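Secondary and tertiary structure notes
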Amino acid sequence: VLWEQWIRIQEERPIYVSRAVVDSFLQLSARTQDAHILGQCRRYSIDNALWAPSPNHTAADRTQIEALVGHYLEASVVNHGKTWPAILSFLSQQEDVFISVSPADFVIEKFFPVDVETAHGFYEFCVDHEIPVGADTTAMLAIALLPIRLHDVFAMLERVFDNVQMERVLIALLETLRTQRY
């Protein structure tokens, strides 16, 4: 009902207001598993270019767009399952979607604070399908996984770490071993 009321209001509004409202509905879609709201938000976002930066966009616009796309992805996973090929296809097909990192890194960075297991599942999908994941993202995910999936981190140590990243992961690993008394 609220969505229909929002759509009926046809007055001119700043794009950042539209993004904020749609972002709230996407979060609602994820929490309530409402695929209808998700579809409506997607259509509205495309029709109103909410994912596209304006020619004179700011860092705040980029942050808002990335949050909007991230919440769209989260709601998609909740409503449609972990359809990783579809999510990557969505990110690559939307020419007006504006994200500052690779699509794989973006998905991992958006999911790991919310659900590190989902982020790891996507990471494993990328590794299995030879989709590049940045070393910084891999290190960040490895550190987040340490308390819950220590054995999975060992395989990640082989992948594209430089000395600084390796040191960060190993320090976190040693701290996990110390505190959890493995």
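Residues numbered from 1 in each chain as written. Predicted model: local features only at pLDDT ≥ 70, side-chain atom pairs only at ≥ 80, totals over all residues. Heavy atoms only, no water.

1. Overview of the overall build of the chain
Stated precisely, the cut-off is as follows: Helix numbering and strand numbering both begin at the N terminus, where a helix is a DSSP run of H or I of at least 4 residues and a strand a DSSP run of E of at least 2. Buried residues are those whose accessible area, probed at 1.4 Å on protein chains only, stays under 20% of the maximum for their type, while exposed residues exceed 50% and partly exposed ones sit between those limits. It only takes one pair of heavy atoms within 4.5 Å for two residues to be counted as in contact. Areas reported here follow the Shrake-Rupley algorithm with a probe of radius 1.4 Å; residue values treat only the protein chains shown as occluding. For the purpose of charge, His is not counted, nor are the chain termini; Lys and Arg are scored as positive and Asp and Glu as negative. A charge is said to be at NZ when it belongs to Lys, at CZ for Arg, at CG for Asp and at CD for Glu.
A tally of helices and strands in the chain yields ten helices and zero strands. N-terminal to C-terminal, the α/β element order of the chain is α-α-α-α-α-α-α-α-α-α. By principal-axis analysis of the C-alpha atoms, the chain measures approximately 60 × 35 × 30 Å. The burial tally for the chain puts 40% of its 182 residues in the buried class. Considering only residue pairs separated by 6 or more positions, the chain has 62% of its internal contacts joining residues 24 or more positions apart. For the chain, the exposed area adds up to about 10,000 Å²; of that, 55% sits on carbon and sulfur atoms. Distance between charge centroids for the chain: 5 Å, based on 14 positive and 24 negative side chains.

2. Here's the deal with the side chain of Gln-165
What counts, and what does not: Any N or O atom pair separated by 3.5 Å or less is treated as a polar contact, with the protein-specific requirement of one donor-capable and one acceptor-capable atom, and with residues adjacent in sequence counted only for side-chain atom pairs.
Mapped onto the fold, Gln-165 is located in helix 10 (residues 163-180). Exposure remark for Gln-165: the relative accessible area of 7% places this residue in the buried category. Engagement of the side chain of Gln-165 in a polar contact is seen with the side chain of Asp-136, the distance being 2.4 Å.

3. Some points on helix 2 (residues 15-32)
Definition in use: Here the expected length of a helix is defined as 1.5 Å per residue gap, with one fewer gap than residues. Think of the arc as the fan of directions from the helix axis to the C-beta atoms.
Between its first and last C-alpha atoms helix 2 spans 25 Å; for 18 residues at 1.5 Å apiece the expected length is 26 Å, and the two agree. Turning to helix 2, its buried residues are Ser-18, Arg-19, Val-22, Asp-23, Phe-25, Leu-26, Ser-29 and Ala-30. Angular distribution of buried residues about the axis of helix 2 spans 170°; they occupy a single face of the element. Facing away from the buried side of helix 2, by more than 90 degrees, are the exposed residues Tyr-16 and Arg-31. Packing partners of the buried residues in helix 2 comprise helix 1 (2-8), helix 3 (35-47) and helix 4 (59-80). Once helix 2 ends, the next one or two residues include Gln-33, with phi positive near 55°.

Remember that the coordinates give geometry; whether it matters functionally is a separate question.
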